[in-house]
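Architecture and fold: a report
Read off the chains here:
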Amino acid sequence: MSASSFALLGTGAYVPERVMTNEDMAKVVDTSDDWIFSRTGIKERRIAAEDEQTSDMATAAAKVALEDARLTPDQIDLLIVATLTPDLPMPSTACIVQAKLGLPHRAACFDVSAACSGFVYALDTAWAMLQSGRYRHALVIGAEKLSTVLDWSDRTTCVLFGDAAGAVVIGPTPEGSKAEIVGTKLYSEGENTELLWIPGGGSAHPAPGPDVPPRFMQMKGREVFKFAVREMEDAARDILEQCGVSADEVDCVVPHQANLRIIDSIAKFLKLPSDRFFVNLELYGNTSAASIPLAIDEARRSGRIKDGSLSLLVAFGAGLTYGSALVRW
Ligand code: ACO
């Protein structure tokens, strides 16, 4: 069952119903719409209901992607969920989603942990597994319930993030189509873990207990900002070089939706006009692993990404990790 090329056959997304605006945020911490919007470009984010888990959002997004790809759950033999907010430490969220979607028992299901780069990591992994010839159709999902790992008294982090899920179906390029995954590239710098982390709750500091660091996200914002600009530029440049493509040939860049100022600096670096970038962080904030698939789905449904067009995906996140992918639709 080998195929020469694999393409993104369908996309889907899900966002929780509850909208939390910057004005709402200012009732929780000492902040303002002006501060948040001018520093980040974010206006509002979605917050999942208490009984709505990461796997529920992932399942909802996956159903839309399967429908878009015109495939049924029994045709999926590989499922990867990228998330830093799994439903449980064990088992994987992918196995929970498998049951909720009714995927066959022969499907391989597992989670990928690469924070905000998680979707690009999962895409690379799925593509390699499909290329091995041992799998035919993969579901790759980025899903996060970040509201559960935020310190709602820390204005330097809680204003930035939101909950969401996005999904893609990958399979053999249909006959007559030029769609394909052109290339992917992954990187990590493990010596900088403490710039962006959740220090408590893992095996190093199992919660709860005295002297246990918090199980909430902590970030050195300025350092992460500089890292994000430098490494997203590298990741974008490297993938273009690797695939022999010039920046100008890219129809739509879909960057990780963390901060508009970071995205603007990448646009400047690539010498591309800002309208070549798809940005929806104003409405959702940073949704980590869900950010790129959520944006891809919106870009496709709004006609911003058309069949035949070339997209550059570029992400960075905790780890520190970063990565990029080139996709022809
Ligand atoms: N509202 C009002 N004031 C605030 C807020 C807030 N929400 N947050 C911080 N401030 C204050 C600070 O206390 C500081 O005040 P001071 O000068 O009196 O000390 C001032 O604003 C400036 O703070 P900085 O941290 O220097 O602000 P900066 O301009 O660097 O912007 C930001 C902060 C938006 C976090 C920026 O550094 C950033 O975007 N960094 C990248 C973050 C990012 O993208 N993270 C995603 C990681 S992806 C993943 O894997 C999860």
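My aim in this report is to walk through the structure given alongside it, one point at a time.

About the criteria used
- As a convention, each chain's residues are numbered from 1 in the sequence order in which they are written.
- The model is predicted, so local features are restricted to residues of pLDDT at least 70 and side-chain atom pairs to those at 80 or more, both for listing and for counting; the totals for chains, interfaces and linings are taken over all residues.
- Water and hydrogen atoms were dropped before computing side-chain values, which therefore reflect all heavy atoms in the structure.
- Without a salt bridge and with relative accessible area above 30%, a residue can belong to a patch; like charges are then joined within 9 Å and nonpolar side chains (Val, Leu, Ile, Met, Phe, Trp, Tyr) within 5 Å.
- Here, Shrake-Rupley sampling with a 1.4 Å probe gives the accessible areas, and only protein chains in the shown set may cover a residue.
- Any Lys or Arg side-chain nitrogen located within 4 Å of an Asp or Glu carboxyl oxygen qualifies as a salt bridge.
- Counted as positive: Lys and Arg. Counted as negative: Asp and Glu. His and the chain ends are not counted at all.
- The atom standing in for a charge is NZ when the residue is Lys, CZ when it is Arg, CG when it is Asp and CD when it is Glu.
- Secondary structure elements are taken from DSSP: a helix is a run of H or I of four residues or more, a strand is a run of E of two residues or more, and numbering for both begins at the N terminus.
- Pairing of aromatic rings covers Phe, Tyr and Trp, the last counted by its six-membered ring, and requires centre-to-centre distances within 6.5 Å; plane angles under 30 degrees mean stacked, over 60 mean edge-to-face, and any other angle means tilted.
- For each residue, the accessible area found with a 1.4 Å probe, counting protein chains only, is set against the maximum for its type, and the residue is called buried under 20%, exposed over 50%, and partly exposed in between.
- Here, the term nonpolar core denotes a set of buried Ala, Val, Leu, Ile, Met, Phe, Trp, Tyr and Cys residues that are joined through side-chain atoms within 4.5 Å.
- Either an automatic procedure or a domain database provided the assignment from which the domain bounds are taken.
- Working rule for contacts: check all heavy atoms of both residues, and any pair within 4.5 Å makes them a contact.
- A pair of strands is treated as paired once DSSP finds two or more bridges between them.
- The way it works is a 1 Å grid over only the protein atoms, where trapped points that fit a 1.4 Å probe form a cavity and open points with protein on both sides within 12 Å along at least five of seven lines form a pocket, and then any residue with an atom within 4 Å of a point lines it.
- Grid points are joined across faces, edges and corners, and a volume is the space filled by probe spheres set on the points.
- Residue polarity follows a fixed list, in which Ala, Val, Leu, Ile, Met, Phe, Trp, Tyr, Cys and Pro are nonpolar, Asp, Glu, Lys and Arg are charged, and the others, Gly among them, are polar.

1. Re a positive patch on the surface
A contiguous patch of positive charge, built from R39, R222, K226 and R261, is present on the exposed surface. Within the secondary structure, R222 sits in helix α7 (residues 221–243).

2. Focus: the packing of aromatic side chains
Under the defined criterion, the tally for this structure stands at 3 aromatic pairs. Taking the centre distance of 4.5 Å and the plane angle of 5 degrees together, the rings of Y187 and Y322 count as stacked. Of this pair, Y187 sits in strand β8 (residues 180–188) while Y322 sits in strand β13 (residues 321–328); the two residues are 135 residues apart in sequence, bridging distant segments of the chain. Like Y322, Y187 is buried. With a centroid separation of 6.5 Å and an interplanar angle of 65 degrees, the aromatic rings of F227 and F316 are classed as edge-to-face. Of this pair, F227 sits in helix α7 while F316 sits in strand β12 (residues 310–317), placing them 89 residues apart in sequence. Look at F227 and you get buried, because its relative accessible area is 2%. For F316, a relative accessible area of 5% gives the class buried. Linked through ring pairs, Y187, F227, F316 and Y322 together constitute an aromatic cluster.

3. Side note on the nonpolar core
The biggest cluster of nonpolar side chains holds 48 residues, and the ones touching the most others in it are L240, V250, L270, F277, L312, F316 and L326. Among the secondary structure elements, those contributing two or more residues to this core are α7, α8 (260–270), β12 and β13. Per-element accounting of this core gives the leading share, 9 residues, to α7. Inspection of this core shows a minimum of three residues originating in each of domain 1 (6–172) and domain 2 (180–328). When near neighbours in sequence (up to four residues on either side) are disregarded, F277 contacts V253, P255, I263, I266, A267, L270, L272 and R304. In terms of nonpolar packing, the next biggest core, distinct from the first, is built from 36 residues, A82, A114, W127 and V168 among them.

4. What to know about the pairing of strand β7 (residues 164–172)
Burial analysis of β7 places 9 of its 9 residues in the buried class, the great majority of the element. Relative to β7, strand β1 (residues 6–14) runs antiparallel, the two being bridged by 8 bridges. In the sheet register, G12 faces β7, and the bridge partner there is A167. Here strand β6 (residues 138–144) runs beside β7; their pairing, made up of 7 bridges, is antiparallel. Each bridged residue has a counterpart across the sheet, and for V140 the counterpart in β7 is V168.

5. Side note on the layout of surface pockets
In this structure, the largest pocket encloses a volume near 810 Å³. Of all the secondary structure elements, the ones that give two or more residues to the lining of the largest pocket are β5 (108–112) and β9 (196–197). Counted by class, the lining of the largest pocket contains 16 nonpolar, 11 polar and 4 charged residues. Two domains each provide a minimum of three residues to the lining of the largest pocket, namely domain 1 (6–172) and domain 2 (180–328). Size it by volume and the second largest pocket reaches roughly 670 Å³.

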